[in-house]
Amino acid sequence: MDMLLIRGGNLVDPVAETVKCVDLLIEGGKIAGISPPGAYREEPPGMGIIEASGMLVVPGLVDMHVHFREPGEEHKETVATGARSAVAGGYTAVACMPNTRPVNDCGSVTRFILDQAQRAGLARVHPIAAITRGQRGKTLTDFSELKDAGAVGLSDDGFPVANSGLMRRALEQAAVHGLKVISHCEDKVLSGKGVMNEGEVSARIGLEGIPAASEEIVVYREIALSRLTGAPVHIAHVSTSGSVSLIRRAKEEGLPVTAETAPHYFTLDHGIVQGLNPVFKVNPPLRTRRDMEAIKEGLSEGVIDVIATDHAPHGSREKQVPFEQAAFGMIGLETALPLTLALVREGVLSLAKAVKKLSFSPARILGLSGGRLVQGGEADLALIDPGEQYLFEEDQILSKSKNSPFIGQRLKGRNNLTMVGGKIVWRR
Ligand code: DOR
Ligand code: ZN
């Protein structure tokens, strides 16, 4: 069926910052028309109708930070299972980090990921390639080859590029190729053997800590390098109040610095680690209440541009072990939307701004189209019931890994349908 009408939904426009009741006509995979409700009364025979009254029609969400584990650790997640988890969560596009086995540091791995995504036919999957070969921090990868193969950004996520001279060259060359560098900000020496936030809780329970300074030192370095080179830089998974302050000042100065956080950093704090459940072990670690509040302020003021998930699937072999030995990371694609809508109810973000941080802003930072529903544009969208409450249970999780800290929680706001290029790829 080529023509489809989504009738009477509330269209969220993250750029105009409006929410309007409309009929949306989709034809040939594109948005053919956006009109006041009732405009398309003469329904041509064979036109599909989706009743959307009471629902939000949002541009398909774009997650600029996920870890799919293919190639190499397909038992945790494949491109196909990750893409399925994405579309269930309302995402139509994701950018996957290069810390696979082998690392995505050459054109052949980038092309392999794109082929797997094509085969799955669910979300659009955009590979982010490594900054350095093998993410070892020694030699830059071939940015031109990676760009030609289809990489949309560069990151050694999981590691910083510890050598500042090398990072300077990476920023300069990436800018020439129009590739955004996404920095995992961490001083690994300062993090040491830390497994959680360094503070009152780590001291009480006797676990090694990762200080806020471990992140902030490198955030400051990236800002200084952006000032030095004039090149843009994107700060991944901001977790501390100090990082928010540094990025705020960089933006006031007019530097091309952008930043993301993830829902766990504005939803959970380090107190929850007391129970020693490895599901709460993540890097950067869950921080203090004060940090959580600063992250929300940063989102509200526009200091933090993007909400990404850092979806990091791990199996029971990595997670059903003592806290100290467990792997860092939690899945997030199927919970980011309701957790972000909670910020809207709290008054931290307007609905349009929340949607912008989940779609338009990450798309623009990576130079992708989409993130806004406009006439003639791709029909990549999600239909969300903002009022639906449900218990998030392990057996509903579509990701191959179940390491979500939100299992057993009541969530509010649920994706009901996801469309990519006019094709329904997921429906509840
Ligand atoms: O918690 C994390 N998990 N942080 C990272 O930087 C990497 C990620 C992973 O790949 O599991
Ligand atoms: Zn990271």
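Please refer to the structure higher up on the page.
Residues numbered from 1 in each chain as written. Chains lettered and ligands numbered in written order. Predicted model: local features only at pLDDT ≥ 70, side-chain atom pairs only at ≥ 80, totals over all residues. Heavy atoms only, no water.

**Q** Just to check I follow, could you spell out the sheet that holds strand S13 (residues 233-235) for this structure?
**A** Strand pairing in a sheet takes place through backbone hydrogen bonds and is either antiparallel or parallel in direction. Pairing is parallel across the open sheet formed by eight strands, whose spatial order is S6-S7-S8-S9-S10-S13-S14-S15. Lying at the two open borders of the sheet, with one neighbouring strand each, are strand S6 (61-66) and strand S15 (306-307). Two strands pair when backbone bridges link them, and S6 and strand S7 (residues 91-96) are joined in this way by four bridges, in the parallel orientation. Within S7, the residue paired with Asp 63 across the bridge is Val 94. Of the strands in this sheet, S13 and strand S14 (257-261) are in contact with helix H8 (residues 241-252), which crosses S14 at around 150°. (Pairing = 2+ DSSP bridges. Helix = DSSP H or I, 4+ residues; strand = E, 2+ residues; numbered from the N terminus. Contact = heavy atoms within 4.5 Å. Axes fitted to C-alpha atoms, helices over the stretch in contact; angles between N-to-C directions.)

**Q** Help me understand the pattern of salt bridges in this model?
**A** Should their charged atoms come close, side chains of opposite charge can pair. What the rule picks out here adds up to 23 salt bridges. The closest approach of N and O atoms between Arg 221 and Glu 222, which form a salt bridge, is 3.0 Å. As far as the burial class goes, Arg 221 and Glu 222 line up, both buried. Two residues, Arg 414 and Glu 388, come together in a salt bridge whose shortest N-O distance is 3.1 Å. With Arg 414 in strand S17 (residues 410-420) and Glu 388 in strand S16 (residues 381-391), this residue pair connects regions lying 26 residues apart in the sequence. (Salt bridge = Lys/Arg side-chain N within 4 Å of Asp/Glu carboxyl O. Buried < 20%, exposed > 50% of the residue type's maximum accessible area, 1.4 Å probe, protein only.)

**Q** I keep staring at the site of ligand 1 and nothing clicks. Help me out?
**A** Taken together, His 67, Arg 69, Asn 99, Asp 157, Gly 158, His 184, Val 282, Asn 283, Ala 312, His 314, Phe 328 and Gly 329 are the residues near ligand 1. Between ligand 1 and Asn 283, the relevant distance is 2.8 Å, taken from a nitrogen atom to a main-chain nitrogen or oxygen of the residue. Taken by itself ligand 1 offers 290 Å² of open surface, and the protein chains cover 92% of this. Grouping the amino acids of the shell around ligand 1 by side-chain chemistry returns three nonpolar, seven polar and two charged. (Near = heavy atom within 4 Å. Polar contact = N/O pair within 3.5 Å; in protein donor to acceptor, adjacent residues only side chain to side chain. Areas by Shrake-Rupley, 256 points an atom, 1.4 Å probe, with all protein chains shown as cover. Nonpolar A, V, L, I, M, F, W, Y, C, P; charged D, E, K, R; others polar.)

**Q** Help me understand the pairing of strand S5 (residues 56-59) in this model?
**A** Note: strand S1 (residues 3-13) against S5, two bridges, orientation parallel. By the bridge assignment for S5, Asn 10 is matched with Leu 56. Bridge count between S5 and S16: four bridges; the pairing is antiparallel. The residue bridging Leu 56 from the neighbouring strand is Ile 384, located in S16.

**Q** Looking at this structure, how should I read the coordination of the zinc ion (ligand 2)?
**A** Looking at the zinc ion (ligand 2), the protein donor atoms are Asp 157 (OD), His 184 (ND1) and His 237 (NE2), and they sit 1.9 to 2.4 Å from it. Around the zinc ion (ligand 2) sit four donor atoms; with metal-centred angles ranging over 84 to 126°, the donor geometry is irregular. Each donor residue of the zinc ion (ligand 2) lies on the same chain, and together they follow the pattern D-x26-H-x52-H. Of this pair, Asp 157 sits in the loop between strand S9 (153-154) and helix H4 (164-177) while His 237 sits in the loop between S13 and H8, and the two are 80 residues apart along the sequence. (Donors = N, O, S within 2.8 Å, 3.2 Å for Na, K, Ca; no water. Tetrahedral: all angles 85-135°; square planar, octahedral: opposite > 155°, others 65-115°.)

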